[in-house]
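# Fold and geometry: a report
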Protein chains: 2
Amino acid sequence: MWEAIEPVGRDAGTGGYRRFAWTSQDHDLREWFAAECAARGLDLAEDRMGNQWAWWGDPDAAARIGDKGVVTGSHLDSVPAGGAFDGPLGVVSALAAVDALRERGFQPRRPIGVVNFVDEEGARFGVACAGSRVITGVLAPERARGLTDAAGTTMAEALRAAGRDPEAIGPDDEALGRIGAFVELHVEQGRGLVDLGQPVAVGTDIWPHGRWRLDLPGEANHAGTTRLGDRRDAMLACAETVLAARAAADRHGCLATIGKVQVQPGGVNAIPSHVTAWLDARGADEAAVRRAVADVAAHVESGGGEVAEESWTPTTRFDATLATRLRATLAEGGQADGGQPDGIPMLGTGAGHDAGILANAGIPTAMLFVRNPTGISHSPAEWAEENDCLAGVAALTAVLADLAGED
Amino acid sequence: MWEAIEPVGRDAGTGGYRRFAWTSQDHDLREWFAAECAARGLDLAEDRMGNQWAWWGDPDAAARIGDKGVVTGSHLDSVPAGGAFDGPLGVVSALAAVDALRERGFQPRRPIGVVNFVDEEGARFGVACAGSRVITGVLAPERARGLTDAAGTTMAEALRAAGRDPEAIGPDDEALGRIGAFVELHVEQGRGLVDLGQPVAVGTDIWPHGRWRLDLPGEANHAGTTRLGDRRDAMLACAETVLAARAAADRHGCLATIGKVQVQPGGVNAIPSHVTAWLDARGADEAAVRRAVADVAAHVESGGGEVAEESWTPTTRFDATLATRLRATLAEGGQADGGQPDGIPMLGTGAGHDAGILANAGIPTAMLFVRNPTGISHSPAEWAEENDCLAGVAALTAVLADLAGED
């Protein structure tokens, strides 16, 4: 399966992927997904946001007898210059798990669904998990339609260009009502499994995280004629803030990153009159993250700058019962258990996922992480060894078999 | 005259000007210049780069008897969010000086020219004084044509869009051969005249200055999942470099500015894999500037970064004989001399000008600076009081009368 999608959106020079929502790359990946599902005789349906759901068994028939489906999958879009595994590993593993169940003649009692969520990274329109946020009602359709990409194209225009009706998007309780449990398999985005020497972990929670806009004022002036003492250089304020953010994260044991800045006026010979910087902060402990951000805010405000919270998401806990059941299933089958007395590892993550959005919508949700030997993600260096990918598929197969039950 | 050009390219909110070369704003300003010249019966000609030259008297007839013209003027383009005076003050004052000479019935022995140089700021294509650099052969036509703006438009495409033939640009000895002396009047871009309490100064030299591109490497990774200790964050390297540049300038008594940065990949949740920053450094003393840049380069290279010199211009000295003559003329007329025993002030400048390009091309060149009460330039706060503007026009009128001679 990997071969067909390997070249889509790939930069031949860097090997990085650029697969933004509602672009031609995204379209090609959606067509590929539809063809793979058709080849397996799965019934493909789209919800009101265009997320693709492929069913083995009839979820609506199951609903009539009070039963719900077991869904797995992930997303196919990427960040700019992203890696090959973040997203696609979960989709490919889902299809491979279906194949594995079929090969052993498994007949699921509950329907099994495979989902491809659209626009998980939010790389184009700035809102991550837009696909799952819209159908769960967390992202209002009006706001989604009005989001713009770097070229000024709105999501409404992008949907129309992709042959879709932007007015049709919105919450979709029907699609959500078919999900009894959701399990997302994902490449790990850190070094947790590398350090533990294990191929697969069960997810516990998504760390609290937020974004803040820092506005740092200066005074426009000519770089060649203004004495150092007469300057109010917003770039200096930015430099000090970047270092203050790192120090605050260190101090409080969490993560802080400034990955995006906008400099006004941005000329080589112009003293910056304004810098806008975005702070991303996360950590296992909510209070620690809050303390680090408060330190950065105090620094910014002491220099006459302003801080605005653009988003804040508290800790998202995955379903504990489901996680325990996954862990028991995997321990039983011997998968992913390197013989450690503690059994299958449990890991939290600092990254957001559609699984987190569904968990917050009240759907029993779990995650499986596959070891990433580089620990690097959102980069061409993101990686998973074949044996670990196979361990991931085996784990997902066992979990689906357990949750769907055999007829 | 000011009224007609006051709204062109002006942002109603900030009052800042955006008048980039070969845009519709530039076109409107060129049309305005042509109309003002036509209203005065001046003969307008363009050189091979599209700089506009308006002549009172026939420079080619003068050339036949071994004489050359006296030229004044400046430019009408601006930096992003620029002020109203940088450039336009020199053009408007030139036309006002012609009016003043006419009103008193002056008949010039040598022809007087008024010039509007195109693309002085280099705000669009990154090379300052592109208009004068091309006609003096300092900027090769092939290189000029290939320069790109932020939208990826080449100068060749921009010229074509403006109805021009990009293949026709190049050195223009004929246009340069008409200039016996060039005097550029400009709003001061620092606080020299404010500190001296004088309205007008004669320029001595343009400080040595240069631009360096600093490439700071990092490693792309996910902002939410990568431990602080595992990061190679190019934004941290950038922050340290900004502070190092400021410290080096302080230490060596010169100016250093980082006004433009590009961050890769530039996502809020992505650890920067690369930052490119541009260093602008200048000062009265060439060796001091070199020492400051060497300190910054050592800092960058110690962190695995690279430094490339994009431009370097040594000290440009204006014609000393011409400067002395201007000073004597002004002292004689009592203009701009606040009664100081030292007479008319002489000032160097850290800003580049077309006058510097012509001086380096061997043309006797001088500058007049008009007091800027804010000391601020390249910003809407750039200013000149009406009385000081009139003092500038009076000074320029006296200088033109002296240099052109009366018939």
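Up top is the structure.
Read on for a plain summary of the structure.

Cut-off values and rules
- Residues numbered from 1 in each chain as written.
- Chains lettered and ligands numbered in written order.
- Predicted model: local features only at pLDDT ≥ 70, side-chain atom pairs only at ≥ 80, totals over all residues.
- Heavy atoms only, no water.
- Least-squares fit on C-alpha atoms with pLDDT ≥ 70 in both.
- Contact = heavy atoms within 4.5 Å.
- Axes fitted to C-alpha atoms, helices over the stretch in contact; angles between N-to-C directions.
- Helix = DSSP H or I, 4+ residues; strand = E, 2+ residues; numbered from the N terminus.
- Parallel < 35°, antiparallel > 145°, perpendicular 65-115°, else oblique.
- Nonpolar A, V, L, I, M, F, W, Y, C, P; charged D, E, K, R; others polar.
- Pairing = 2+ DSSP bridges.
- Buried area = accessible area lost by both parts, 1.4 Å probe.
- Salt bridge = Lys/Arg side-chain N within 4 Å of Asp/Glu carboxyl O.
- Polar contact = N/O pair within 3.5 Å; in protein donor to acceptor, adjacent residues only side chain to side chain.

This paragraph deals with the relation of the copies chain A and chain B. It takes a turn of 180° to lay chain A on chain B, together with a shift of 0.3 Å along the axis; the resulting RMSD is 0.4 Å. When the rotation and shift are considered jointly, the pair of chain copies conforms to a two-fold rotation axis. The rotation axis passes nearest to the C-alpha of Ala239 of chain A in chain A, at a distance of 2.0 Å. When the interface residues of chain A are mapped onto chain B, 100% of them are again interface residues, pointing to one common binding face.

Residues and elements named next belong to chain B. Where helix H2 (residues 24-39) contacts helix H4 (residues 88-103), the axes come no closer than 11 Å and their chain directions differ by 10°. Accordingly, the angle class assigned to the pair H2 and H4 is roughly parallel. Facing Trp32, Phe33, Glu36 and Cys37 of H2, the residues of H4 in contact are Val91, Val92 and Leu95. Broken down by class, the residue content of the contact of H2 with H4 amounts to six nonpolar, no polar and one charged.

All right, on to the sheet that holds strand S11 (residues 274-282) of chain B then. All names here are of chain B. Reading across from one edge, S9-S11-S7-S12 is the order of the four strands in this open sheet, with antiparallel pairing throughout. In this open sheet, the two edge strands, each paired with only one partner strand, are strand S9 (255-264) and strand S12 (306-313). Taken pair by pair, the neighbouring strands of this sheet meet at an average axis angle of 15°, ignoring direction. Where strand S7 (residues 209-217) and S11 come together, nine bridges link them in antiparallel fashion. By the bridge assignment for S11, Leu214 is matched with Ala277. Relative to S12, helix H11 (residues 286-302) is tilted by about 160°, and along the sheet it contacts S7, S11 and S12.

Now for the interface of chain A and chain B. At the interface, 57 residues of chain A touch 57 residues of chain B. Interface area, chain A with chain B, both sides summed: about 4,900 Å², of which 62% is carbon and sulfur. For chain A, the biggest contributors to the area lost against chain B are Leu228, Arg246 and Val268 of chain A; these three give 15% of the whole. For Arg227 of chain A, the salt bridge is made with Asp195 of chain B, and the minimal N-O distance between the two is 3.2 Å. Applying the counting criterion to the chain A and chain B interface returns 14 residue pairs in polar contact (both at pLDDT 80 or more). Of all elements in the fold, only strand S8 (221-222), helix H10 (234-252), strand S9 (255-264), strand S10 (270-271) and strand S11 (274-282) of chain A reach the threshold of two or more residues within the side of chain A that touches chain B. The element that contributes the greatest number of residues to the side of chain A that touches chain B is H10 of chain A, accounting for nine residues. The residue inventory of the side of chain A that touches chain B, partitioned by class, reads 25 nonpolar, 18 polar and 14 charged.

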